Amino acid sequence: MLDTPREERFDAITRLLARDFDVPISMISLVDDTRVWFKSEVGLEGIEAVSREVTFCSQAIRASRIMVVEDATRDERFRDSPLVTGEMALRFYAGAVIHSPQREPLGAVCIIDHTPRRMSYRDRGQLIDFAAHVGREMAGVTKAPLQGALERNR
């Protein structure tokens, strides 16, 4: 999947994430040894990859299922990051881990905002469901319920 062209099936998911969670940035990211590469994104036009060292996603894949940072300026892992202190001024991040069929972490389905926010238990579950769906899509096994929702929301 790394370095493959964009695909509408993943772009539809990131558009749906941005709309459903009302965030300016959403992405499907894949993490390798040195970088985080975006299979699809909304709100980061023109950026295909970033160094793994500065990203939230590199921390998110270490979580068992989901990582939520309600206010990055108050989180010691991220408060000095150029993504938080710099021009992007990121505050909120939530990333649910995308797993391979062998349960290896591949990356994350992420939503990001410029303002701090809370995430309900229901929203956390929904983001985890999106990540599971993306994992199945990457493995070539799609479940009908989310696929139907994607088609209805286009």
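So, how was this worked out
Residues numbered from 1 in each chain as written. Predicted model: local features only at pLDDT ≥ 70, side-chain atom pairs only at ≥ 80, totals over all residues. Heavy atoms only, no water. Helix = DSSP H or I, 4+ residues; strand = E, 2+ residues; numbered from the N terminus. Contact = heavy atoms within 4.5 Å. Buried < 20%, exposed > 50% of the residue type's maximum accessible area, 1.4 Å probe, protein only. Pairing = 2+ DSSP bridges. Salt bridge = Lys/Arg side-chain N within 4 Å of Asp/Glu carboxyl O.

Now for the environment of Pro105. For Pro105, the location among the structural elements is in strand S6 (residues 105-113). Pro105 sits 40 residues away from Arg65 along the chain, and the two C-alpha atoms are 9.5 Å apart. The contact partners of Pro105, leaving out residues within four places of it in the chain, are Ile61, Val97, Ile98 and His99.

Extensive coverage of strand S2 (residues 35-42) is indicated by the burial of six of its eight residues. Hairpin geometry of strand S1 (residues 25-31) and S2 is characterised by an intervening segment of three residues between the two adjacent antiparallel strands.

Attention now moves to the pattern of salt bridges. Scanning the entire structure with this criterion turns up seven salt bridges. With a closest N to O distance of 3.4 Å, Arg118 and Glu70 form a salt bridge. With a gap of 48 residues between them, Arg118 in the loop between S6 and helix H4 (121-139) and Glu70 in the loop between strand S4 (66-69) and helix H3 (82-85) connect regions that are remote in the sequence. Judged by its relative accessible area of 71%, Arg118 is exposed. Judged by its relative accessible area of 27%, Glu70 falls in the partly exposed class.

The analysis is restricted to geometry; functional conclusions fall outside its scope.
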